[in-house]
Amino acid sequence: MIYVDADACPVKAEVLKVAERHGFEVTFVANSGLRPSRDPMVHNVIVSSSFDAADDWIAERAHEGDIVVTADVPLAVRCVAAGALVTGPSGRVFDKANIGMASAMRDLGQHLRETGESKGYNAAFTPRDRSTFLETLDRLARQTKK
């Protein structure tokens, strides 16, 4: 199963492409409307608008052998702990070796934004990010099949 934190996810089409190639089911989880799919391998879950509802839904279900696509570092921490393979939309893999540092850097960035030391602008999503994501997701899909 591939779980996608779908609110503001820029790589939904790429997820579907890789999932179809490898025969994976996909579950898009969001707080608001999603485009319906006729594909029986694609599921849409709309959760409440409460804070972290989509994250909680995914974290409760993701386990070893699953892939999670999220830019949310706290969700990535929970999914890595559960044994899932996790990647961000830019193709950055979160694993046991780097999740601690990713979490610490996220907390530092949040602190700097709260104190006004940083404006907190994110880099624009690029075609290179999309390409890197496709390569990463394909590699993770092959890895889970082994």
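Above this text sits the structure in question.
All values reported here derive from a predicted model rather than from experimental measurement. (Residues numbered from 1 in each chain as written. Predicted model: local features only at pLDDT ≥ 70, side-chain atom pairs only at ≥ 80, totals over all residues. Heavy atoms only, no water.)

## Some thoughts on the overall build of the chain
This is how the line gets drawn: To qualify as a helix, a DSSP run of H or I must reach at least 4 residues; to qualify as a strand, a run of E must reach at least 2; elements of each kind are numbered from the N terminus. Radius of gyration means the value over C-alpha atoms here, while the globule rule gives 2.2 Å times the residue count to the 0.38 power.
Broken down by element type, the chain carries 5 helices and 6 strands. Starting at the N terminus and walking to the C terminus, you meet the elements of the chain as β-α-β-β-α-β-α-β-β-α-α. Its C-alpha radius of gyration of 15 Å places the chain within 12% of the 15 Å reference for a compact globule of 146 residues. Overall size of the chain, expressed as C-alpha extent along the three principal axes, is 45 × 35 × 30 Å.

## Quick word on the sheet that holds strand S4 (residues 67-69)
Within a beta sheet, neighbouring strands are joined by backbone hydrogen bonds and run either parallel or antiparallel to one another. For clarity, the cut-off: Two strands make a pair as long as DSSP finds a minimum of two bridges between them. Contacts between residues were defined by any pair of non-hydrogen atoms, one from each residue, lying within 4.5 Å. Angles run from 0 to 180 degrees between N-to-C directions of axes, and those axes are lines fitted to C-alpha atoms, restricted for helices to the stretch in contact.
In spatial order, the strands read S3-S2-S1-S4-S5-S6; together these 6 strands make up an open sheet with mixed pairing. If you trace the sheet from one side to the other, it starts and ends with strand S3 (42-46) and strand S6 (93-94), each paired once. Strand direction decides the pairing type here: S4 and strand S5 (residues 85-87), joined by 3 bridges, are parallel. Bridging across to S5, Ile 67 finds its partner in Leu 85. Along the sheet, helix H2 (residues 53-61) contacts strand S1 (2-5), strand S2 (26-30), S3 and S4; its crossing angle with S1, the most-contacted strand, is approximately 165 degrees.

## Side note on the pattern of salt bridges
Applied cut-off: Basic side-chain nitrogens of Lys or Arg form a salt bridge, by our definition, when they fall within 4 Å of a carboxyl oxygen of Asp or Glu. Only protein chains enter the accessibility calculation, which uses a 1.4 Å probe. A residue is then buried if its area is under 20% of the maximum for its type, exposed if over 50%, and partly exposed in between.
Throughout the structure, instances matching the rule amount to 5 salt bridges. Note that Arg 78 is salt-bridged to Asp 56, the shortest N-O span being 2.8 Å. A residue pair is termed long-range when its members are at least 10 positions apart, and Arg 78 in helix H3 (residues 73-81) and Asp 56 in helix H2 qualify at 22 residues. Salt-bridge contacts for Glu 60 lead to Arg 61; the nearest nitrogen and oxygen are separated by 3.4 Å. Glu 60 gets classed as exposed once you look at its relative accessible area, which sits at 61%. One salt-bridge network, held together by shared partners, links Arg 21, Asp 138 and Arg 142.

## Things to note about the nonpolar core
Which entries qualify depends on this criterion: Side-chain atoms within 4.5 Å link the members of a nonpolar core, which is a set of buried Ala, Val, Leu, Ile, Met, Phe, Trp, Tyr and Cys residues.
If you look at the biggest cluster of nonpolar residues, it comprises 21 residues, and the most contacted ones within it are Ile 58, Val 68, Cys 79 and Phe 94. Secondary structure elements with two or more residues in this core: H2, H3 and helix H4 (99-114). Ignoring anything within four residues of it in the chain, the contact list for Ile 58 reads Tyr 3, Val 4, Asp 5, Val 29, Val 68, Leu 75 and Cys 79.

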